[in-house]
Amino acid sequence: MRGPVRLLRLNRPEKRNALSMALCAALVAALRQAEADPAVAALVIAGEGPGFCAGGDLEERRALAADDAAWQARAALADALLAAPRACARPVVAAVHGRVVGMGASLMLGCDMVVAAEDLRITWPEARHGIWPTLVGPQLLRHLGPKLGFEMLATGREVPAAEALALRLVNRVVPGAALIETACALALAAAQYPPAMLRGLKAWIDAPGLRP
């Protein structure tokens, strides 16, 4: 905890915080537990190691491809994770640094706000891996629309911090040393509405008519 802000860290630095089923389940559970705790006013999601998140765990993905039940369970868990920040009746801020890839970028965009370190590089490399962008496409299109969304998905190019700010994919860009402090301060500043009203605000902002 950072005062009333709960800090959740993706902690698989040896795998660049790739989102395995175990990590997805742990993060969903942590978000729900934090929401149920009246001492928690807001949340920050960050990553250990040199980057926020390398996306989905491709080794696990390949291992589960032949097991239909396991594959469906993985897909359902991924959907639950990407929906969890918006469903949470607390402000959820992503504090991102280094490389943010694919599903990790969708997790970032699913948060209510994003604070980025200056070394941020976002990429959606699904095309290079022959992966249909079912998970990552909706969030990307919601934020960028069809033209830029197509560019990012089809080229897989990296988006540095300054461009991410210009594209409104992030709210702030700060030096790496100030990342967590800034994210926690922003999360706490957004904790003004009571939970029921905040949940309504999130649903209202997420309504199709308000999307760019």
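Here goes a summary of the coordinates provided. The structure displayed is predicted, hence computed values, not measured ones. (Residues numbered from 1 in each chain as written. Predicted model: local features only at pLDDT ≥ 70, side-chain atom pairs only at ≥ 80, totals over all residues. Heavy atoms only, no water.)

1. Some thoughts on the pairing of strand S3 (residues 92-96)
Formally: Relative accessibility under 20% of the residue-type maximum defines a buried residue, over 50% an exposed one, and the middle range a partly exposed one, all with a 1.4 Å probe and only protein chains included. Strands here are runs of E lasting at least two residues and helices are runs of H or I lasting at least four, both read from the DSSP assignment and numbered beginning at the N terminus. At least two DSSP bridges between two strands are required for those strands to pair.
Within S3, 5 of the 5 residues are buried, which leaves it mostly tucked inside the rest of the structure. Because side chains alternate across S3, one face comprises the buried residues Val92, Ala94 and Val96, and the other comprises Val93 and Ala95, equally buried. Relative to S3, strand S2 (residues 42-47) is paired through 3 bridges, and the arrangement is parallel. Counted as the bridge partner of Ile45 is Ala94 from S3. In this structure, S3 lies alongside strand S5 (residues 113-117), joined through 4 bridges in parallel fashion. By the bridge assignment, Val93 is partnered in S5 with Met113.

2. Examining helix H7 (residues 179-189)
Put simply, the rule is: Directions drawn from the helix axis to the C-beta atoms are what define this arc. Only heavy atoms enter the contact rule, under which two residues are in contact if any of them lie within 4.5 Å.
Along H7, the positions that sit buried rather than exposed are Leu179, Ile180, Ala183, Cys184, Leu186 and Ala187. Axial view of H7: buried residues confined to an arc of 165 degrees, hence all on one face. Its buried side turned inward, H7 meets strand S1 (5-10), S2, S3, S5 and strand S8 (172-174).

3. Overview of the packing of aromatic side chains
Note the following rule: For Phe, Tyr and Trp, rings pair up if their centres lie within 6.5 Å, where Trp contributes its six-membered ring, and each pair is then called stacked (planes under 30 degrees apart), edge-to-face (over 60) or tilted (otherwise). Criterion for a charge above a ring: Lys NZ or Arg CZ within 6 Å of the ring centre, and within 35 degrees of the ring normal.
For the coordinates displayed, the defined rule picks out 0 aromatic pairs. Directly above the ring of Trp71 sits Arg74, whose terminal nitrogen or CZ lies 5.6 Å from the centroid.

4. Here's the deal with the packing of helix H3 (residues 68-87) against helix H4 (residues 103-110)
The cut-off we apply is this: Structural elements are reduced to axes, namely lines fitted to C-alpha atoms, with helices fitted over the stretch in contact, and the angle between N-to-C directions of any two is expressed from 0 to 180 degrees. Small angles under 35 degrees read as roughly parallel and large ones over 145 as roughly antiparallel, with 65 to 115 read as roughly perpendicular and the rest as oblique. The classification used treats Ala, Val, Leu, Ile, Met, Phe, Trp, Tyr, Cys and Pro as nonpolar, Asp, Glu, Lys and Arg as charged, and all other residues, Gly among them, as polar.
Packing of H3 against H4 leaves a shortest axis separation of 7 Å and a crossing angle of 25 degrees. Taken together, H3 and H4 sit at an angle that is classed as roughly parallel. Facing Ala78, Leu81, Leu82, Pro85 and Arg86 of H3, the residues of H4 in contact are Met103, Ser106, Leu107 and Gly110. Tallied by class, the residues present in the contact of H3 with H4 amount to 6 nonpolar, 2 polar and 1 charged.

5. Here we look at the pattern of salt bridges
Test applied: Any Lys or Arg side-chain nitrogen located within 4 Å of an Asp or Glu carboxyl oxygen qualifies as a salt bridge.
Applying the stated criterion to the full structure yields 12 salt bridges. Here Glu59 and Lys15 are joined by a salt bridge, their closest N and O atoms 3.5 Å apart. Remark: Lys15 occurs in the loop between S1 and helix H1 (21-36) and Glu59 occurs in helix H2 (residues 58-64); sequence separation between them is 44 residues. Residue Lys202 pairs with Asp112 through a salt bridge whose shortest N-O separation is 2.7 Å.

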